[in-house]
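Coordinates in review
Residues per chain, in single letters:
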Amino acid sequence: MGERDDAGTKRLMATLPIDVADYDPFSQAVMEAPLPFYEVLRAKAPALFLPRYDTWVFSRFQDVFDVLTVGGNAFIATDTTLPTPEILSRHNGGEVQELPLDPLPIGAMMGSPHFEVLRNAHIKPFRPRAVRALAEFVHNLAERRLDELLPRKTFDLTQDYGGHVTASVICHLLDMPLARAGEVLDLVNSLSRTDPEAGGTDVPTIIGHCVGIMSEYVARRRHAGADGSVALIDGLIQLGYYGRPLTDAEIATQLTCVFIGGVETVPKIAAHGLMELNQAPGQLDAVRADLAARVPVAVEEMIRFCAPAQWFARTAHKDVEVAGAKVRKGQRIIALFGSAARDPTEFEDPDRFVWNRKIARVLSFGTGQHYCIGIHLARLELRILVETFLRRAKRFSFDRDRAVRLPSSFQWGWNELPVIIEEHAA
Ligand code: HEM
């Protein structure tokens, strides 16, 4: 949210006084412009109980941090990390179901020890050293993409550039042909176009497609002996913990988080971040003055300011007192990441993009047990996408009239951001 969006927000707040009672994470008004609601929540109801959904909503940075770091399997996402209004409207009535282990549910919905077992079985390609080894590959992808895009003079910076690069990286990690990157990108994008109020996209069907695509490559790895050379898949094939091999579909199900998380977030942050830099007087010049040293700094502010995920949920598996709330067993909590990133008690003047601001802590990748497995890869991709673009696009602007930021309770980011290239290097 830059100068123009800030002005829009202030206007909205002036003409439409927002009351705490107006907050519903799925309402059209919130999904279109959540920030004014967050400001009111942080000030007036930092631990808000929504009786309709039997759910607590936490909006302050420190509270989100505290809620996510409660241990002892107190909060587990058994109602999924992104429950729909229908799921939240069905109250648990003080009871919680332990999820059956056959077939194995997705790790994100599980507590200890299952969650860690599954995470550790496919974390290898996301460790810092493995990610560093991908730098040249990602850099080449970015360069080749710009070879194609820059001569066109205008293209969608979110999807045509970052989207293609991140989808290609996911194909590479799954040992899929890079030629399928466009298909992967479209599939993942069709998910974030979900509009829960309108009934929107059929999420289970799309997830089913993701699982179907990946199952084929899991079967190939199993057939080839799963020797560890495709660590993302092979680690899960080799997992002996459950006393039986996981099926291809179970492994593909575990990998849906990587498939989706690895494709949808980075492109929106890179494109939005470049727009913020471009429209903030002096900031772009300052970063350009030393790309190698300053892009990594600017990327941290992009991650704070532009991260599109608004919230994730958990279900209380026991009574917990945290962040001023008495959460009862069976109730749900929503951690408002989007609000935490704009909390003035954590970040000075939080609605301003400041490329080199001091950032002591960040919640954009989550925290606690389920923090983002792709954190190092995300940073690497963002640095390469931003630096390569700035090195080659000497002057550029954005066609904001054609830009698309879809209302969303989840991924509220710039889905399409047309850039106009005014001058570029070969
Ligand atoms: C800047 C980009 C990214 C941001 C801001 C981001 C943010 C997040 C957040 C907030 C969570 C925690 C969800 C929760 O607490 O329930 C998460 C989890 C996750 N992210 Fe990311 N993510 C990014 C990039 C990636 C990438 C590149 C990948 C993989 C290639 C990835 C894969 C995952 C997975 C698999 C999880 C689930 C972790 C688990 O439950 O074990 N993300 N991400």
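These lines cover the structure that appears in this document, whether it is placed above or below. Small disclaimer: the values here were computed from a predicted structure and weren't measured.

Of all protein atoms, Cys 372 (SG) alone acts as a donor to the iron atom of the ligand, lying 2.3 Å away. Positionally, Cys 372 belongs in the loop between helix H17 (337-340) and helix H18 (375-392).

The strand order S1-S2-S8-S5-S3 describes an open sheet built from five strands, whose pairing is mixed. Strands at the two margins of the open sheet, each flanked by one partner only, are strand S1 (47-50) and strand S3 (75-76). Across four bridges, the pairing between S1 and strand S2 (residues 55-58) is antiparallel. Looking at S2, one finds that Phe 49 is bridged to Trp 56.

Every one of the 26 residues lining the ligand counts as a neighbour, but Phe 115, Arg 119, Arg 314, His 370 and Cys 372 are closest to it. Within the side chain of His 370, one N or O atom sits 3.1 Å away from an oxygen atom of the ligand. The biggest single contributor to the shell around the ligand is helix H14 (residues 256-279), with seven residues. Here the residues of the shell around the ligand sort into 16 nonpolar, eight polar and two charged.

One finds Phe 259, Phe 389 and Leu 390 to be the most contacted residues of the largest nonpolar core, which totals 95 residues. Top contributing element to this core by residue count: H14, with 11 residues. The contacts of Phe 259, once residues within four sequence positions are left out, are Ile 170, Leu 174, Val 184, Leu 187, Val 188, Cys 210 and Met 214.

Okay, H14 next. Here H14 contains 24 residues, and its C-alpha end-to-end distance of 36 Å stays within 8% of the 34 Å for a straight helix at 1.5 Å per residue. The buried fraction of H14 amounts to 19 of the 24 residues, a majority that puts the element mostly inside the structure.

We now examine the packing of helix H11 (residues 203-224) against helix H12 (residues 231-238). As a packed pair, H11 and H12 sit with axes 10 Å apart at the nearest point and diverge in direction by 70°. Taken together, the axis directions place H11 and H12 in an arrangement best described as roughly perpendicular. As H11 packs across H12, the resulting crossing turns out to be right-handed. In this structure, H11 contributes Tyr 217, Val 218, Arg 221 and Arg 222 to the contact, and H12 contributes Ile 233, Asp 234 and Ile 237. Residue composition of the contact of H11 with H12, by class: four nonpolar, no polar and three charged.

Now for helix H16 (residues 291-306). Residues of H16 that are buried include every one of Leu 291, Val 295, Ala 298, Val 299, Glu 301, Met 302, Ile 303, Arg 304, Phe 305 and Cys 306, and no others. Buried residues belonging to H16 abut H14, helix H15 (283-288) and H18.

On to the sheet that holds strand S10 (residues 418-424), then. Taken in spatial order, the three strands of this open sheet run S4-S10-S9, and their pairing is antiparallel. For this open sheet the edge positions go to strand S4 (154-156) and strand S9 (393-398), each flanked by a neighbour on one side alone. Between one strand axis and the next, the sheet turns by 35° as a mean value, whatever way the strands run. Where S9 meets S10, five bridges bridge the pair, whose relative direction is antiparallel. Along S10, the bridge assignment pairs Ala 393 with His 424. Strands S4, S9 and S10 of the sheet are contacted by helix H9 (residues 157-173), whose axis makes an angle of about 70° with S4.

Next up on the list: the side chain of Thr 256. Considering the arrangement of structural elements, one finds Thr 256 in helix H14. Judged by relative accessible area, which is 4%, Thr 256 ranks as buried. Other than its neighbours up to four places away in sequence, Thr 256 contacts Ile 106, Ile 207, Cys 210, Val 211 and Met 214.

On the secondary structure map, Leu 406 appears in the loop between S9 and S10. Between the C-alpha atom of Leu 406 and that of Ala 224, which follows or precedes it by 182 residues, the distance is 42 Å.

Bringing the pattern of salt bridges into the picture now. By the definition in use, this model includes 26 salt bridges. Put simply, Arg 180 and Glu 216 hold a salt bridge, and the shortest N to O gap is 3.8 Å. With a gap of 36 residues between them, Arg 180 in the loop between H9 and helix H10 (181-192) and Glu 216 in helix H11 connect regions that are remote in the sequence. Its relative accessible area of 34% is what places Glu 216 among the partly exposed residues. Residue Glu 301 pairs with Arg 357 through a salt bridge whose shortest N-O separation is 3.1 Å. Taken together, the positions of Glu 301 in helix H16 and Arg 357 in the loop between H17 and H18 put the pair 56 residues apart, joining distant regions of the chain. Note on accessibility: Glu 301 and Arg 357 belong to one class, buried. Counted as one network, the salt bridges with shared partners bring together Glu 143, Arg 144, Asp 147, Arg 391 and Arg 392.

Quick look at the pairing of S1 now. Only one face of S1 is covered, namely the face carrying Leu 48 and Leu 50; the face carrying Ala 47 and Phe 49 is uncovered. The loop that links S1 with its antiparallel partner S2 comprises four residues; one of these, Asp 54, has a positive phi angle of about 50°.

Let's shift gears to the packing of H11 against H14. Between H11 and H14, the least distance of the axes is 10 Å, while the angle of their chain directions is 105°. Between H11 and H14, the interaxial angle falls into the category roughly perpendicular. Residues Ile 207, Cys 210, Val 211 and Met 214 of H11 lie in contact with H14, whose contacting residues are Thr 256, Phe 259 and Ile 260. Taken together, the residues of the contact of H11 with H14 break down into six nonpolar, one polar and no charged.

Reading guide: rules and limits
- Residues numbered from 1 in each chain as written.
- Predicted model: local features only at pLDDT ≥ 70, side-chain atom pairs only at ≥ 80, totals over all residues.
- Heavy atoms only, no water.
- Donors = N, O, S within 2.8 Å, 3.2 Å for Na, K, Ca; no water.
- Helix = DSSP H or I, 4+ residues; strand = E, 2+ residues; numbered from the N terminus.
- Pairing = 2+ DSSP bridges.
- Near = heavy atom within 4 Å.
- Polar contact = N/O pair within 3.5 Å; in protein donor to acceptor, adjacent residues only side chain to side chain.
- Nonpolar A, V, L, I, M, F, W, Y, C, P; charged D, E, K, R; others polar.
- Core = buried A, V, L, I, M, F, W, Y, C linked by side-chain atoms within 4.5 Å.
- Buried < 20%, exposed > 50% of the residue type's maximum accessible area, 1.4 Å probe, protein only.
- Contact = heavy atoms within 4.5 Å.
- Expected span 1.5 Å × (residues − 1).
- Axes fitted to C-alpha atoms, helices over the stretch in contact; angles between N-to-C directions.
- Parallel < 35°, antiparallel > 145°, perpendicular 65-115°, else oblique.
- Left-handed = near helix turned anticlockwise from the far one by under 90°.
- Salt bridge = Lys/Arg side-chain N within 4 Å of Asp/Glu carboxyl O.

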